[in-house]
Amino acid sequence: MSSSDLIIALTKGRILDETLPLFAAAGIEPVEDIAKSRKLLFESNVPGVKLMVMRGSDVPTYVEFGSADMGVAGRDLILEYGTEAFYEPLDLGIAKCRLMTARPVGAPPPTERLRVATKFVNSAKRYFAEQGQQIELIKLNGALELAPSMGLADAIVDIVDTGNTLKANGLEAQEVIAQISSRIIVNKAAMKMKYERINDILARLRLAVEAKVS
Ligand code: AMP
């Protein structure tokens with residue numbers, strides 16, 4: 001890989017399914033089918049532009065440290081990582097959902113310190129501190145919805161789209177902590193060193209996003 005390459009880190013999974021059509025509309029396409037390959041780094045049709053595919057929680061790390069020049073990451077993971085680590089110039093308007101608190105249906109107001117299970121510990125800590133509410137945080141990496149019924153927590157903080165997952169587990173959404181969508185993030189040094197190419201890609205993606213909305 002040459003240091004003059006422009007590397008874009010993409011979040012795999014459902015965000016990738018919405019990212020690829022948007023990138024294609026912006027004239028950037030992988031030269032092979034990402035879904036059919038076990039590779040993690042792909043050439044694109046744009047000379048010198050390469051695409052990496054990884055877990056969403058790793059995209060901010062790659063972009064902060066400059067191993068990727070740009071990335072596509074959910075705002076939930078950006079908020080959790082810290083928004084100062086890179087620039088966040090474009091909202092792609094895809095993979096929209098909300099970061100919310102949720103409690104068992106009909107649960108009485110907490111009488112003592114609320115126990116909150118989440119993988120979004122920084123966002124949860126910040127939110128409840130802003131509310132002036134003392135909580136005990138329990139870090140989980142998955143199956144958050146089980147925590148209240150199994151007696152591990154009184155509430156969870158999680159991503160909600162349709163609300164079906166909460167409902168299926170006897171929970172109801174309560175407060176919205178943040179509106180979530182996927183964003184373009186850019187390494188701070190790369191924004192200076194590779195300004196023209198990054199700016200060109202941002203302009204093309206911006207047009208693709210606007211065309212999709214209108
Ligand atoms: P739902 O049942 O539609 O409310 O979906 C909730 C589950 O889907 C959550 O547990 C999330 O893990 C996942 N989810 C939904 N939308 C997104 C998104 N845009 N980004 C990441 N995860 C999501």
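Conventions and cut-offs
- Residues numbered from 1 in each chain as written.
- Predicted model: local features only at pLDDT ≥ 70, side-chain atom pairs only at ≥ 80, totals over all residues.
- Heavy atoms only, no water.
- Near = heavy atom within 4 Å.
- Polar contact = N/O pair within 3.5 Å; in protein donor to acceptor, adjacent residues only side chain to side chain.
- Areas by Shrake-Rupley, 256 points an atom, 1.4 Å probe, with all protein chains shown as cover.
- Helix = DSSP H or I, 4+ residues; strand = E, 2+ residues; numbered from the N terminus.
- Pairing = 2+ DSSP bridges.
- Axes fitted to C-alpha atoms, helices over the stretch in contact; angles between N-to-C directions.
- Contact = heavy atoms within 4.5 Å.
- Patch = residues over 30% accessible without salt bridge, like charges linked within 9 Å, V, L, I, M, F, W, Y side chains within 5 Å.
- Salt bridge = Lys/Arg side-chain N within 4 Å of Asp/Glu carboxyl O.
- Lys, Arg positive; Asp, Glu negative; His and termini not counted.
- Charge placed at Lys NZ, Arg CZ, Asp CG, Glu CD.
- Buried < 20%, exposed > 50% of the residue type's maximum accessible area, 1.4 Å probe, protein only.
- Core = buried A, V, L, I, M, F, W, Y, C linked by side-chain atoms within 4.5 Å.
- Phe/Tyr/Trp six-rings, centres within 6.5 Å; stacked < 30°, edge-to-face > 60°.

Undergrad: Describe the site of the ligand, listing the residues and the values that go with them.
TA: In the region of the ligand, the neighbouring residues are Arg 14, Ala 95, Cys 97, Glu 145, Asp 158, Ile 159, Val 160, Asp 161, Thr 162, Gly 163, Asn 164 and Thr 165. One of the side-chain nitrogen or oxygen atoms of Thr 162 is found 2.5 Å away from an oxygen atom of the ligand. A total of 490 Å² of accessible area belongs to the ligand in isolation, and the protein chains cover 78% of it. When residues of the shell around the ligand are traced back to their parent elements, those giving at least two are β9 (155-160) and α6 (164-168). Ranked by the residues each element gives to the shell around the ligand, the list is headed by β9, at three residues.

Undergrad: Explain the sheet that holds strand β11 (residues 182-186) to me, using residue names and the numbers behind them.
TA: The strands that make up a sheet pair up through hydrogen bonds in the backbone, lying either parallel or antiparallel. Strand order in the open sheet formed by six strands is β2-β3-β1-β4-β11-β5, with mixed pairing between adjacent strands. The open sheet has two edge strands with one neighbour each: β2 (41-43) and β5 (87-91). The sheet shows a mean angle of 25° between the axes of neighbouring strands, direction not considered. The sheet contact formed by β5 and β11 spans three bridges and is antiparallel. Among the inter-strand pairings, Tyr 87 is bridged to a residue of β11, identified as Val 186. Contacts between helix α1 (residues 14-25) and the sheet are confined to β1 (6-11), β3 (49-54), β4 (70-74) and β11, with β1 contributing the most and set at about 140° to the helix. Along the sheet, helix α8 (residues 195-213) makes contact with β1, β3, β4, β5 and β11, crossing β5 at roughly 30°.

Undergrad: I'd like a rundown of a positive patch on the surface, residues and numbers included.
TA: Side chains of Lys 12, Arg 55, Lys 119 and Lys 139 sit close together on the surface and give a patch of like positive charge. Looking at the element boundaries, Lys 119 is found in the loop between β7 (114-118) and α4 (121-130). Residue classification places Lys 119 among the partly exposed positions, given a relative accessible area of 36%.

Undergrad: Residue-level account of the nonpolar core, with values.
TA: Ranked by internal contacts, the top residues of the largest apolar core, which has 31 residues, are Ile 8, Phe 23, Met 70, Leu 92, Ile 184, Ile 198 and Ile 201. Of all the secondary-structure elements, those providing two or more residues to this core are β1, α1, β3, β4, β11, α7 (188-193) and α8. With six residues, the single largest contributor to this core is α8. For Ile 198, the contacting residues outside a window of four places in its chain are Leu 6, Met 70, Val 186, Ala 190 and Met 191. Leu 114, Ile 135, Ala 155 and Val 157 belong to the second-largest nonpolar core, a separate cluster that totals 15 residues.

Undergrad: For unusual backbone geometry, give the residues involved together with the corresponding values.
TA: Positive phi outside glycine occurs at Ala 95, with the angle close to 50°. Examined against the element boundaries, Ala 95 turns out to sit in the loop between β5 and β6 (97-104). Even without being a glycine, Ala 143 presents a positive backbone phi close to 50°. Mapped onto the elements of the fold, Ala 143 is located in the loop between β8 (135-139) and α5 (146-149).

Undergrad: Help me get a handle on the packing of aromatic side chains, residues and values and all.
TA: Counting across every chain of the model gives two aromatic pairs. Summarising the aromatic geometry, the rings of Tyr 81 and Phe 86 are spaced 5.8 Å apart at their centres and angled 20° between planes, so their arrangement reads as stacked. A residue is classified by how much of its surface remains accessible, and Tyr 81, at 29% relative accessible area, is partly exposed. Overall, Phe 86 belongs to the buried group, its relative accessible area being 3%. Both rings, one in Tyr 127 and one in Phe 128, keep their centres 5.1 Å apart while their planes meet at 80°; by these two values the pair is edge-to-face. Phe 128 matches Tyr 127 in its accessibility class, with the two residues each being buried.

Undergrad: Can you lay out the pairing of β11 for me, pointing to particular residues and giving the numbers?
TA: Burial within β11 is extensive, with five of its five residues counted as buried. Residue alternation in β11 divides its side chains into two sets, Ser 182, Ile 184 and Val 186 and Arg 183 and Ile 185, and both sets are buried.

Undergrad: I'd like a rundown of the environment of Phe 65, residues and numbers included.
TA: Summarising the element assignment, Phe 65 is placed in the loop between α2 (59-64) and β4. For the pair Phe 65 and Asp 200, spaced 135 residues apart in sequence, the C-alpha to C-alpha distance is 22 Å. In this structure, Phe 65 is in contact with Tyr 81 and Asn 187, ignoring residues within four places of it in sequence.

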